[in-house]
Amino acid sequence: MNASEASPPAGEGDDLPAVAPQLRALRRRTGLTLEAAARTAGLSPAHLSRLETGGRQPSLPMLLALARIYGTTVSELLGERVADRDAIVRAADMEPTRAGGWTYFQAGASGRGMQALRVRVPYGTQGDIVRVHPGEEWLHILKGRLRLRLGDTAHLLAPGDSAHFDSLTPHRLAAEDQDGVELLFVHTLLQSPTAALCLGPLTGELP
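Residues numbered from 1 in each chain as written. Predicted model: local features only at pLDDT ≥ 70, side-chain atom pairs only at ≥ 80, totals over all residues. Heavy atoms only, no water.

Notes on the sheet that holds strand S5 (residues 136-143)
Note: strands within a sheet are paired through backbone hydrogen bonds, in either parallel or antiparallel orientation. Filter applied, for reference: In this description, strands pair whenever DSSP reports at least two bridges between them. Strands are runs of DSSP state E lasting at least 2 residues, helices are runs of H or I lasting at least 4, and numbering of each runs from the N terminus. Axes, fitted as lines to C-alpha atoms, cover a helix only where it is in contact. Angles between the N-to-C directions of the axes lie from 0 to 180 degrees. Two residues qualify as a contact provided that any one of their heavy atoms is within 4.5 Å of a heavy atom in the partner residue.
The strand order across the open sheet formed by six strands is S1-S2-S3-S10-S5-S8, and the pairing between neighbours is antiparallel. One side of each edge strand has no neighbouring strand; the edge strands of this open sheet are strand S1 (96-99) and strand S8 (162-166). Averaged over all neighbouring strand pairs, the angle between strand axes comes to 25°, with direction disregarded. Of the strand pairs in this sheet, strand S2 (residues 102-106) and strand S3 (residues 114-121) are connected by four bridges, and their pairing is antiparallel. Its bridge partner being in S3, Gln106 is matched across the sheet by Leu117. Against the sheet, helix H4 (residues 60-69) engages S1, S2, S3, S5 and strand S10 (181-188), with an angle of about 10° to S10.

Digging into the pattern of salt bridges
We count it as follows: Should a side-chain nitrogen of Lys or Arg be within 4 Å of a carboxyl oxygen of Asp or Glu, the pair is scored as a salt bridge. For every residue, the accessible area obtained with a 1.4 Å probe (protein chains only) is divided by the maximum for its type, and the residue is called buried under 20%, exposed over 50%, and partly exposed between those limits.
Enumeration over the complete set of coordinates arrives at seven salt bridges. A salt bridge links Arg27 to Glu52, with the nearest nitrogen and oxygen atoms 2.6 Å apart. Taken together, the positions of Arg27 in helix H1 (residues 20-30) and Glu52 in helix H3 (residues 45-53) put the pair 25 residues apart, joining distant regions of the chain. Each member of the pair, Arg27 as well as Glu52, carries the same accessibility label: buried. In this structure, a network of salt bridges that share partners links the residues Arg24, Arg27 and Glu52.

Notes on the nonpolar core
This is how the line gets drawn: Throughout, nonpolar core names a set of buried Ala, Val, Leu, Ile, Met, Phe, Trp, Tyr and Cys residues whose side chains join them through atoms within 4.5 Å.
Residues Leu48, Tyr70, Leu77, Val119, Leu139, Leu146 and Leu183 are the most contacted members of the largest nonpolar core, which totals 41 residues. Counting residues per element, this core draws most heavily on H4, which supplies seven residues. Non-local contacts of Leu183, meaning those with residues more than four positions away in its chain, are made with Leu117, Arg118, Val119, Val121, Leu139, His140, Ile141, Leu142 and Leu146.

This is how it looks when you write it as C-alpha cells:
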C-alpha cells in the first residue's frame, strides 16, 4: 500500500461527515469507472471502493485529490451546501473539519474557480505524500514553520512567508516544529473530471 492510501479505518481517528455516498455519487456523475477514478487519484480500486462504502476514512489530501478529479470542492464531497455564493465568510461560520490529522476551515464559498482554506497541519502527519496535478497553489504561513519541497528543492517557510507555484511541480509539505503549522491555502479547482492527478511517496527524505 502506498502513502496515498494510508487512511484510517472507519470508526478510528477523527470523525468525518457521511462522505461515502457523496464519493460514489460524484464519481458516477462524472462518468468515471471505479478503476479509472482510482488510477487517476493514485489509489487502488479496492481502496477507493472502501472509501465509497464507508469502510475507510479519506485523508485531506485524498479529499482534495478526488475533488479535483470530480470537478468539485471538498465542501461538496462532505455533503455541505451553501445557499448562495456570499462574498463574505464570517469567522463564526467557519466550522472545522478534521481529516487525516489535519484541521481545515472553509475560508471561501463553494462553486468558485478556486478553493480557499485555513489549514492546521500537526507535526509528523502526511509528510511523506507528494502531490502532482494540474493547476496552481498559493499558501501563506500564519503560525509555525512549514517545510515545503518543490521538485528537488526544499524550502523552510516562517510566519509571513508565502509560496505560489504550479501544481505540476511535485510538491510535499510538512510541519517543521512539534507545535505544527497554521496556514492559508488557495488552490485552483479543475472542471475536467479526467484531469490527471498523482499521489504517492517521494523517494528520500527532506534535508
